Amino acid sequence: MTLDEASVPRFGAGVRFQHDRVRDAWVVLAPERLFLPDAQAIEILKCVDGRTSLGGIIDQLAARFDAPRAVLAADVGAMLQDLADKGAIRI
Amino acid sequence: MSNADAPLGLIAELTHRCPLQCPYCSNPLELARSAAELPTEEWLRVFEEAAALGVLQLHLTGGEPTARRDIVALVRRASELRLYTNLITSGVLIDQAMLDALAGAGLEHIQLSFQDLDPANADRIGGYAGGHAKKLELAERVTRAGLALTANFVVHRQNLGRVPEMIRLAEALGAGRVEIAHVQYYGWGLVNRPALLPTRAQLDEATAAVDAARESFKGRLAIDYVVPDYYATRPKACMGGWGRRMLNIAPTGKVMPCHAAEILPGFTFPSVREASLSDIWYHSDAFTRFRGTDWMPEPCQSCDRREIDWGGCRCQAFALTGDASRTDPACALAPDHQVMLEAVRESEAAPADLVYRRIGAGTGLAKPPGSGAASQSAMPQEADGVGP
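Our subject in this report is the structure included herewith. Here the structure is a predicted model, which means the values were calculated and not measured.

**What about the overall build of chain B?**
- Along the backbone of chain B there are 14 helices and ten strands.
- Computed over C-alpha atoms, the radius of gyration of chain B comes to 20 Å, within 12% of the 21 Å expected from 2.2 N^0.38 for 388 residues, which places it in the range of a compact globule.
- With the principal axes as the frame, chain B shows a C-alpha extent of 55 × 55 × 50 Å.
- Looking at chain B residue by residue over its 388 residues, the buried ones come to 59%.
- Carbon together with sulfur atoms contributes 51% to the accessible area of chain B, which is approximately 14100 Å² in total.
- Seen as two clouds, the 38 positive and the 46 negative side-chain charges of chain B have centres 2 Å apart.

**Focus: the pairing of strand S3 (residues 25–30) of chain A**
Residue and element names in this part refer to chain A.
- Note that strand S2 (residues 16–20) and S3 share five bridges and pair antiparallel. Residue pairing in the sheet places Phe-17 in a bridge with Val-28 of S3.
- Bridge analysis of S3 against strand S4 (residues 33–37) gives three bridges, and the strand direction is antiparallel. For Val-28, the partnering residue across the bridge sits in S4 and is Phe-35.
- Between S3 and S4, which pair antiparallel and follow one another directly, the connecting turn spans two residues, one of which, Glu-32, has a positive phi of 55°.

**Description of unusual backbone geometry**
Residues and elements named next belong to chain B.
- Gly-63 follows Gly-62 through a cis peptide bond whose omega is 15°.
- Along the polypeptide, Gly-63 turns up in the loop between strand S2 (57–61) and helix H2 (71–80).
- One non-glycine residue, Arg-82, lies in the positive phi region at around 70°.
- If you check the backbone angles, Met-239 has positive phi at about 55° while not being a glycine.
- Relative to the elements of secondary structure, Met-239 occurs in the loop between strand S7 (222–226) and strand S8 (246–249).
- Taking the relative accessible area as the measure of exposure, Met-239 reaches 9% and is therefore buried.

**Considerations on the sheet that holds strand S9 (residues 255–256) of chain B**
Residues and elements named next belong to chain B.
- The strand order across the open sheet formed by nine strands is S7-S6-S5-S4-S3-S2-S1-S8-S9, and the pairing between neighbours is mixed. Each edge of the sheet is formed by a strand with only one pairing partner; in this case those strands are S7 and S9.
- Here four bridges tie strand S3 (residues 84–89) to strand S4 (residues 109–114), and the two strands are oriented parallel to one another. Residue pairing across strands places Thr-89 opposite Leu-112, the latter belonging to S4.
- Relative to S3, H2 is tilted by about 150°, and along the sheet it contacts S2 and S3.
- In the packing of helix H9 (residues 200–216) onto the sheet, contacts are made with strand S6 (177–182) and S7, and the angle to S7 comes to roughly 160°.

**Some thoughts on the pairing of strand S5 (residues 148–155) of chain B**
All names here are of chain B.
- The buried count for S5 comes to eight of eight residues, which makes it a mostly enclosed element.
- Residues Ala-148, Thr-150, Asn-152 and Val-154 line one face of S5 and the alternating positions Leu-149, Ala-151, Phe-153 and Val-155 line the opposite face, and both faces are buried.
- This β-α-β element, S5 to helix H6 (residues 163–172) to S6, shows right-handed connectivity.

**Some words on the packing of aromatic side chains**
Residues and elements named next belong to chain B.
- A full pass over the atoms with the stated rule returns eleven aromatic pairs over all chains.
- Taking the centre distance of 5.2 Å and the plane angle of 85° together, the rings of Trp-242 and Phe-290 count as edge-to-face. Separated by 48 residues along the polypeptide, Trp-242 in the loop between S7 and S8 and Phe-290 in the loop between helix H11 (285–288) and helix H12 (306–309) bring together distant segments of the chain. For the pair Trp-242 and Phe-290, a shared accessibility class is recorded, and that class is buried.
- With 5.1 Å between their ring centres and 70° between their planes, Phe-290 and Trp-295 make a pair best called edge-to-face.
- Take Trp-295: its relative accessible area is 15%, and that puts it in the buried class.

**Brief notes about the state of the cysteines**
Residue and element names in this part refer to chain B.
- Tallied over the full model, the rule gives zero disulfides over all chains.
- Its sulfur unpaired, Cys-22 is 6.6 Å from the next cysteine sulfur, which belongs to Cys-18.
- Free cysteine Cys-313: the closest other cysteine sulfur is in Cys-238, separated by 3.7 Å.
- Take Cys-313: its relative accessible area is 2%, and that puts it in the buried class.

The rules behind the values
- Residues numbered from 1 in each chain as written.
- Chains lettered and ligands numbered in written order.
- Predicted model: local features only at pLDDT ≥ 70, side-chain atom pairs only at ≥ 80, totals over all residues.
- Heavy atoms only, no water.
- Helix = DSSP H or I, 4+ residues; strand = E, 2+ residues; numbered from the N terminus.
- Rg over C-alpha atoms; globule rule 2.2 N^0.38 Å.
- Buried < 20%, exposed > 50% of the residue type's maximum accessible area, 1.4 Å probe, protein only.
- Areas by Shrake-Rupley, 256 points an atom, 1.4 Å probe, with all protein chains shown as cover.
- Lys, Arg positive; Asp, Glu negative; His and termini not counted.
- Charge placed at Lys NZ, Arg CZ, Asp CG, Glu CD.
- Pairing = 2+ DSSP bridges.
- Contact = heavy atoms within 4.5 Å.
- Axes fitted to C-alpha atoms, helices over the stretch in contact; angles between N-to-C directions.
- Right-handed = clockwise from strand over helix to strand, strands pointing away.
- Phe/Tyr/Trp six-rings, centres within 6.5 Å; stacked < 30°, edge-to-face > 60°.
- Disulfide = S-S within 2.5 Å.

Encoded structure:
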């Protein structure tokens, strides 16, 4: 499964992205897995809603953080591809 | 030592009752009777304490957790507390009504155990006639209900040649994850070790099959592999380290760093009936004694892997050397490493007879009833960092 900008990423079955009040931290909970996203990954994952394409997510983030789109595109794509390879993100 | 991080996972062994009799069951040889089990309201309170303590994932297991009549109520409360709820089951007691109720109560994930790919051999190993067919049927109903499914295959000398087909079956059943879990040799597994331990060649073939499948199934099926310690050169980080990530509660309410710890002498494992989970996690002798690295003997103490494998497994050190504080014999640097090599030699000539798990059957050979077992999962949770 290789993501391109038309792909619509969503969390896989049994995968939850939530804020943990005890640690005051965002976590991705999956079957026998637990991922601790860093600050940049958190902003990306907040855009994953199962409707917005990868290209749309990059556009949103580029506008919000006033960042060069090409740089963001590489980072966002790589992060979501990594989680897709691990089964936490599906397209 | 109170500088520990909060626990990530709670393994709740709701009962030791189980319709299967797998000869490698992770339960202790001394099984708890149903009258000694914690009642519903105590489990509910324990789940509340766990969530407040920082537990994120709840693993409901047994025995067979669905043998508890209150299983749906327990799942519902856990879900309300925002605990990620995982049911580790043999599946044979789950009809459509129960599955619908569990899904409606907020269950996230089902880990379904398989004893083999071959139905006759699977039913023989589990000691439960017709079990395999029920599991296949349940797997399809689970994915149809939209629940995440893991197929857990427990592997050993008597089924190890079928690993590639096991992985293909897992995908065909709609599982998002498959676990190829070698028997871990504690309790019932240790009793049956001579009949179950694979040869080096069998192990290498299975490992190569898993490596190849990980590449070809990437992104479609997550594949976890639990290896047997007997051919290792370094030990596993058992439970991610003693008292570092996980709590295990036995059916009677005893709290332990892992499910096998009950065998360790010189420990008093506190009960949820006597102390708070927080107090037990941060302050009890049971959780602090082997936490971190201060307790370690040489060669662990000066080893650069001491915070990778955390000294391996305390229960294995005890089971094989009689002393829980020794270096895990799985490590090639351990002074007791030769006991692993001797066990391999012993099993090479051993017959395939099995001692089945049942109350009061801890010794002597027992025949399977009618033809009839448990899940083997030694996976501590990973906490992976994710970032671009």
